[in-house]
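So you can see what is in the structure, the chains are spelled out below.
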Amino acid sequence: MHRATDGPDAPEADLIPRSLLFVPGDRPDMVAKAPRSSPDAIAVDLEDAVAPGDKDEARRTAVHAVGDLPDGGSLVLVRVNPPATPWHDDDVEAVAGSRAGVVLPKYEDPAQLRDLRRRVGDERPVVVGIETARGVARVRDLLDGSEVTAAYFGAEDYIASVGGRRTPSSREVLFARSEVLLAARLAGVGALDQAVVAVRDGEFFRRDAGEGRDLGYDGKICIHPTQVTLAHEVFTPSEEEVAHARDVVEAGRAGVGVVNGEMVDDVHLRMAAATLQRAGVEA
């Protein structure tokens, strides 16, 4: 994990996951294996990964499997079904009785988060999903003052909600992807980038994650364990980036205006400090 960056109200002590690995809630064997890939966060999924007829059994299975996970290491959450569904209330009640945090999908109204907090407590980690046209349209209000751990952008559900088509370029979701990132930064919460459904295409994942990192995202949704390592590679500053950031910071302290032929001013100093913060090293 790394620390929140750049937002005007970003709490410096908040650790933001670089990877959020989703595993089916009705597969206790997969839940038990999830820590092996060392994701920063694990989301045991009761929503998309579970068929309607299996929801009740999956809920019981998921809560039991979460209780069997070792303490420490990955942040553990359960993704409940959305508030408008018949399974939401029972999901929240079950998670409230566990030690897991919560992933609230298809977040569209601040009242939904207030109700969740009332039932699970204010101290429980919560990640919200911005993945519908209504959610994107209201995202700044949804995240402002929310005090959630992070928000993720769900490109697949978003494009379905507006009647579009997904393409490898992701140009069709660039506005929404950017809007979610901007709202998260303004609110001082973590931002997790869209999923890559081509689970066997590591190069495509790396490229898509790099584009998300370029936009400003902190981490990425992972739907397969092999994606976790790639997400960590992309969202952890490299040794070269850290070395350059240190040079920039030192130049700023010494009053030097150029580093490696590039001008150093206030914005470059802030970017360098953010890089070191992401890497978890002292400036």
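Quick notes on the rules
Residues numbered from 1 in each chain as written. Predicted model: local features only at pLDDT ≥ 70, side-chain atom pairs only at ≥ 80, totals over all residues. Heavy atoms only, no water. Helix = DSSP H or I, 4+ residues; strand = E, 2+ residues; numbered from the N terminus. Buried < 20%, exposed > 50% of the residue type's maximum accessible area, 1.4 Å probe, protein only. Contact = heavy atoms within 4.5 Å. Areas by Shrake-Rupley, 256 points an atom, 1.4 Å probe, with all protein chains shown as cover. Polar contact = N/O pair within 3.5 Å; in protein donor to acceptor, adjacent residues only side chain to side chain.

Engineer: Got a minute to help me understand the overall build of the chain in this structure?
Structural biologist: On a plain count of helices and strands, the chain comes out with twelve helices and twelve strands. Looking at the chain as a whole, 49% of its 283 residues qualify as buried. Sequence-distant contacts in the chain: of pairs separated by 6 or more residues, those separated by 24 or more amount to 63%. Accessible surface computed for the chain: about 13,400 Å², of which carbon and sulfur atoms make up 50%.

Engineer: Help me understand the side chain of Asn-81 in this model?
Structural biologist: Summarising the element assignment, Asn-81 is placed in the loop between strand E5 (75-79) and helix H3 (88-96). Taking the relative accessible area as the measure of exposure, Asn-81 reaches 2% and is therefore buried. Polar contacts involving the side chain of Asn-81 include one to the main-chain carbonyl oxygen of Leu-46, which spans 3.0 Å. At a separation of 2.9 Å, a polar atom in the side chain of Asn-81 contacts the side chain of Lys-55. Ignoring sequence-local partners within four residues, the contact set of Asn-81 consists of Leu-46, Glu-47, Lys-55, Trp-87, His-88, Asp-91 and Pro-105.

Engineer: Please clarify how the environment of Asp-45 should be interpreted in this entry.
Structural biologist: Here Asp-45 lies in strand E4 (residues 41-45). Overall, the relative accessible area of 4% leaves Asp-45 in the buried class. For the pair formed by Asp-45 and Val-31, sequence separation is 14 residues and the distance between their alpha carbons is 9.7 Å. Excluding its chain neighbours within four sequence positions, the residues that come into contact with Asp-45 are Phe-22, Val-23, Pro-24, Gly-25, Val-50 and Arg-79. A polar contact of 3.2 Å, which involves the side chain of Asp-45, links it to the backbone nitrogen of Ala-49. Among the polar contacts made by the side chain of Asp-45, one reaches the side chain of Arg-79 at a distance of 2.8 Å.

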